[in-house]
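Chains, contacts and geometry: an overview
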Amino acid sequence: MLDLAAIHTSNWTLTRRPGFRHIVLLILFFAVCGCYGSNRFNVTWKFERHTSQRKFSAAIKGRQTVNVASKTCGHESIHQHHKPRKPVLDENGQLNSELWIDQPDALTQLDMRRKAGFVNVEEAHALRHMIDHGYMTVDLSLGEEVTNEFDRFLREVWRTRPNNLSAKHSQVSNGAPISLSLFPEDWVNVTTGMPRLPGTKIREAHSHSEMLQSLLHHPKIFRLVELIYDDVAVATQSLLFSHGSEQSLHRDPWYVPTNPASSMIASWVAIEDILPGSGPLIYIPDSHRLPWTLLSSNDITFDGAPKDDIANHVSIMHHDIERNGLKHRRFYPRRGEALLWHSGLVHGGAECTKPSRTRKSFVVHYDKLRYHMKKEATVTTGDGTRREFHSRKITEHNCLYAFADPLLEV
């Protein structure tokens with residue numbers, strides 16, 4: 001049996017104790033890196049909605065790609081870092097990782113950061129929880145106006161079905177992303193203005209809603225993500241849900257490729273109080289340290305992998321969960337509470353036992369900007385054409401970065 005507790009004790013013996021020299025080196029490193037520049041996070045988040053969906057999408061389309069090599073935002077000049085993806089796993093079956101939270105002395109490094117004043121007590125507590133259990137929670141204190149704007153946006157886009165906004169559902173186009181204009185006419189409940197079935201994901205809504213763009217760039221979340229990265233982050237993708245996903249238990253690198261695979265972090269924000277029966281988010285604490293199994297491709301991404309190969313991989317994961325006595329938890333947050341998780345955390349969506357109940361939420365995936373300066377996507381556009389996009393369009397909001405929806409290029 002894999003002793004998860006021993007990962008932080010015997011196998012991951014702390015190699016050094018914090019001292020004056022290490023703290024000085026940290027100060028010098030962060031001063032050069034600029035990752036902790038106060039000008040990038042010293043912003044109070046506020047609700048924003050001044051333009052319609054159509055006008056905001058057009059405004060994002062017209063924006064120029066930001067020059068991330070510039071130092072105007074107080075961080076170092078960012079240039080593409082090319083790194084071979086393989087080997088994906090290390091000798092212990094864990095994702096090869098350069099993140100400090102994945103290192104044997106992660107708790108020592110966290111203590112050094114706290115003593116040096118780079119993280120406050122609240123942040124240190126959250127980061128320790130991420131190291132030990134694979135996730136952390138944070139309260140964004142969102143007001144009712146956010147929920148109201150979320151509802152307004154959903155009703156508007158399902159009424160107008162813009163060609164340059166995409167969504168996906170397992171029962172439509174074999175689960176592949178397609179333009180909203182191609183969804184069946186009866187997909188939406190005429191009373192609520194929202195999809196009839198759970199599991200519909202609207203992609204990249206942050207490029208079409210002023211409120212969602214500002215929420216994606218929330219400084220409290222970005223701050224925690226960049227504390228983990230010790231580097232400048234970029235939001236690579238957003239997903240919007242009106243109802244539960246009902247997605248089976250999974251690990252994000254199966255479907256969300258990053259290089260290295262360990263560099264992805266995700267956030268999930270509740271846009272309303274989440275109630276039982278709505279298909280809440282399920283997660284398994286400590287599962288981020290379960291070992292991985294390579295597919296026949298010597299990788300862990302499911303795209304193009306044989307079905308039998310995938311089934312065996314998933315079966316091994318479930319066996320490891322049971323063998324180690326790990327337990328499922330359901331996330332019932334209040335509006336504004338967010339869950340951030342490690343790339344290895346096993347999670348999914350519970351069954352929606354009360355279909356009339358919504359589970360309004362907003363998901364964002366992140367990566368290090370220097371590792372992810374191009375976004376690739378394949379979407380069926382409004383004219384029915386399957387197109388591949390290779391976009392380098394990155395937008396900036398209060399000096400925090402995100403990829404724009406590639407579909408805006410159509």
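Residues numbered from 1 in each chain as written. Predicted model: local features only at pLDDT ≥ 70, side-chain atom pairs only at ≥ 80, totals over all residues. Heavy atoms only, no water.

Section: the pattern of salt bridges
Note the cut-off: The term salt bridge refers to a side-chain nitrogen of Lys or Arg lying within 4 Å of a carboxyl oxygen of Asp or Glu. Under the DSSP-based scheme used, a helix requires at least four consecutive residues in state H or I and a strand at least two consecutive residues in state E, with every element numbered from the N terminus.
One pass over the structure, following the stated rule, counts 16 salt bridges. We note a salt bridge from Arg370 to Asp231, for which the minimum N-O separation is 2.5 Å. Here Arg370 is found in the loop between strand S11 (361-368) and strand S12 (375-380), whereas its partner Asp231 is found in the loop between helix H7 (219-229) and strand S5 (233-241), with 139 residues between them in sequence. Between Lys374 and Glu376 there is a salt bridge, and its shortest N-O distance comes to 3.6 Å. One connected set of salt bridges, linked through shared partners, spans Asp111, Arg114 and Lys115.

Here we look at the confidence of the model for the protein chain
Which entries qualify depends on this criterion: How sure the predictor is of each residue is captured by pLDDT, a score from 0 to 100. Any two residues whose heavy atoms approach within 4.5 Å are treated as being in contact.
On average, residues of the protein chain score 89 in pLDDT, and 88% of them reach the 70 mark or higher. For residues 1-18, every residue scores under 50 in pLDDT, and the model assigns this stretch 39 contacts once sequence neighbours within four places are set aside.

Observations regarding the packing of aromatic side chains
Quick note on the threshold: A pair of aromatic rings is counted whenever rings of Phe, Tyr or Trp (Trp by its six-membered ring) have centres within 6.5 Å, and the orientation is called stacked for planes under 30 degrees apart, edge-to-face for over 60 and tilted otherwise. Throughout this description, buried means an accessible area under 20% of the type-specific maximum (1.4 Å probe, protein chains only), exposed means over 50%, and partly exposed covers the range between.
Throughout the structure, instances matching the rule amount to 9 aromatic pairs. For the ring pair Trp158 and Phe183, a centre distance of 5.5 Å and an interplane angle of 80° mean the geometry is edge-to-face. Of this pair, Trp158 sits in helix H5 (residues 144-160) while Phe183 sits in the loop between strand S3 (178-179) and strand S4 (201-203), and the two are 25 residues apart along the sequence. No difference in accessibility class separates Trp158 from Phe183, as the two residues are buried. Considering the side-chain rings of Phe183 and Trp187, the 5.5 Å spacing of their centres and the 65° angle between planes classify their relative orientation as edge-to-face.

Here's the deal with the sheet that holds strand S10 (residues 347-349)
For the record, the criterion: In this scheme, strands are said to pair when DSSP sees at least two bridges between them. Here the axes come from fitting lines to C-alpha atoms, over the contacting stretch only for helices, and the angles between their N-to-C directions go from 0 to 180 degrees.
One open sheet holds the 3 strands; their spatial order is S8-S7-S10, and the pairing between them is antiparallel. Of all the strands in the sheet, the pair left with one neighbour each is strand S8 (329-331) and S10. With direction set aside, neighbouring strand axes in the sheet form an average angle of 30°. Summarising the sheet, strand S7 (residues 281-283) and S8 pair through 3 bridges and their orientation is antiparallel. Residue Leu281 lies in a different strand from S8, and its bridge partner there is Phe331.

Examining the state of the cysteines
The test is simple: Two cysteine sulfur atoms form a disulfide, by the criterion used here, when they sit within 2.5 Å.
If you walk through the whole model with that rule in mind, you get 1 disulfide. Here Cys73 is linked by a disulfide to Cys399, with a sulfur-sulfur distance of 2.1 Å. The sign of the S-S torsion, about -80°, decides the handedness of the disulfide formed by Cys73 and Cys399: left-handed. Within this pair, whereas Cys73 is found in the loop between helix H2 (53-62) and helix H3 (106-116), its partner Cys399 is found in the loop between strand S14 (394-397) and strand S15 (400-403), the two being separated by 326 residues in sequence. For Cys399, a relative accessible area of 15% puts it in the buried group.

Re helix H4 (residues 121-133)
Owing to its 3.6 residues per turn, the α-helix aligns residues three or four sequence positions apart on the same side. Heads up, the rule is: A helix is expected to span 1.5 Å for every residue after the first. Our arc is simply the arc of the directions from the helix axis toward the C-beta atoms. Any pair of N or O atoms that falls within 3.5 Å is considered a polar contact. Within protein, one atom must be able to donate a hydrogen and the other to accept it, and sequence-neighbouring residues count only if both atoms are side-chain atoms.
For H4, which comprises 13 residues, the first-to-last C-alpha distance of 18 Å matches the rise-based estimate of 18 Å (1.5 Å per residue) to within 8%. Those residues of H4 not exposed but buried are Glu123, Ala124, Ala126, Leu127, Met130 and Ile131. The buried residues of H4 occupy an angular sector of 165° when the element is viewed end-on, so they sit on one face. Residues of H4 that are exposed and angled more than 90 degrees away from the buried face: Val121, Glu122 and His125. Its side-chain oxygen 3.1 Å from the backbone nitrogen of Glu122, Asn120 forms the N-cap of H4. Directly after H4, the chain includes Gly134, whose backbone phi takes a positive value near 90°.

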